[in-house]
Amino acid sequence: MTATRLTGDALRVTIFIGEHDTYHHKPLYSEIVHRAHAAGLAGASVFRGIEGFGATSLIHTARLLSMNEDLPVAIVIVDTEERVRAFLPQLDELVSSGLVILDDCEVIRYVGKERHA
């Protein structure tokens, strides 16, 4: 597999969901990352929030002693505008509740480590 080269103007998609959101009994964030990988996007990262609220206005926090708290999760994907927009229909299929935002951005450096066989 060849390394993706990405510099200059790009598009960032950020998906905000709950960590307990699922797709076919699998964590939704994992399904999104695997689909982004299969689509050949430059990369995806998942960030777990420690506190937040969304459309329900219910505050989710890690400060409570409940292990069942549905903390916020953000999935961030950056690639060319064309590739990100081509991926959006998959997000429409996957994200039934949450927030999906797009931002223009500029990639200054995108370098991976070399793999040794």
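About the thresholds
- Residues numbered from 1 in each chain as written.
- Predicted model: local features only at pLDDT ≥ 70, side-chain atom pairs only at ≥ 80, totals over all residues.
- Heavy atoms only, no water.
- Helix = DSSP H or I, 4+ residues; strand = E, 2+ residues; numbered from the N terminus.
- Expected span 1.5 Å × (residues − 1).
- Bend = angle between axes of the 7 residues up to and from the residue.
- Buried < 20%, exposed > 50% of the residue type's maximum accessible area, 1.4 Å probe, protein only.
- pLDDT = per-residue confidence, 0-100.
- Contact = heavy atoms within 4.5 Å.
- Pairing = 2+ DSSP bridges.
- Axes fitted to C-alpha atoms, helices over the stretch in contact; angles between N-to-C directions.

1. Focus: helix α2 (residues 81-94)
The end-to-end C-alpha distance of α2, which contains 14 residues, comes to 20 Å, matching closely the 20 Å that a straight helix rising 1.5 Å per residue would cover. When the local axis directions of α2 are compared, the greatest deviation, roughly 30°, occurs at Leu-88, which is followed within four positions by the proline Pro-89. Three or more residues of α2 are buried, namely Val-84, Phe-87, Leu-88, Leu-91 and Leu-94.

2. Let's talk about the confidence of the model for the protein
Summing up the model confidence of the protein, the mean pLDDT is 87 and the portion of residues at 70 or higher is 84%. Between the elements of the protein, mean pLDDT differs from a low of 70, seen in strand β6 (residues 60-61), to a high of 98, seen in helix α1 (residues 28-38).

3. A look at unusual backbone geometry
Excluding glycine, residues mostly carry a negative phi; peptide bonds, for their part, are mostly trans. One non-glycine residue, His-24, adopts positive backbone phi at about 50°. By the element assignment, His-24 lies in the loop between β2 (22-23) and β3 (26-27). With a phi angle near 65°, His-25 is a residue other than glycine that sits in the positive phi range. Turning to its location among the elements, His-25 is positioned in the loop between β2 and β3.

4. Thoughts on the environment of Phe-87
With respect to the helices and strands, Phe-87 occurs in helix α2. Measuring from C-alpha to C-alpha, the distance between Phe-87 and Leu-41 comes to 8.6 Å, with 46 residues separating the pair along the chain. Leave out the neighbours within four places in its chain, and Phe-87 touches Ile-32, Arg-35, Ala-36, Ala-39, Leu-41 and Ile-77.

5. Observations regarding the sheet that holds strand β1 (residues 8-18)
Strands pair in a sheet through their backbones, by hydrogen bonds, and they do so in one of two ways: parallel or antiparallel. Strand order across the open sheet formed by 4 strands is β4-β7-β1-β8, with antiparallel pairing between neighbours. The sheet is open, and its two edges are formed by β4 (44-48) and β8 (99-107), each paired on a single side. On average, each strand axis in the sheet is inclined to that of its neighbour by 20°, with strand direction left out of account. Sheet topology note: the β4/strand β7 (residues 72-79) ladder contains 5 bridges and is antiparallel. From the neighbouring strand, Val-46 faces β7, where its bridge partner is Ile-75. Sheet strands touched by α1: β1, β4 and β7. Its angle to β7, the strand with the most contacts, is close to 5°. Contacting β1, β7 and β8, α2 crosses the sheet at an angle of about 20° to β1.

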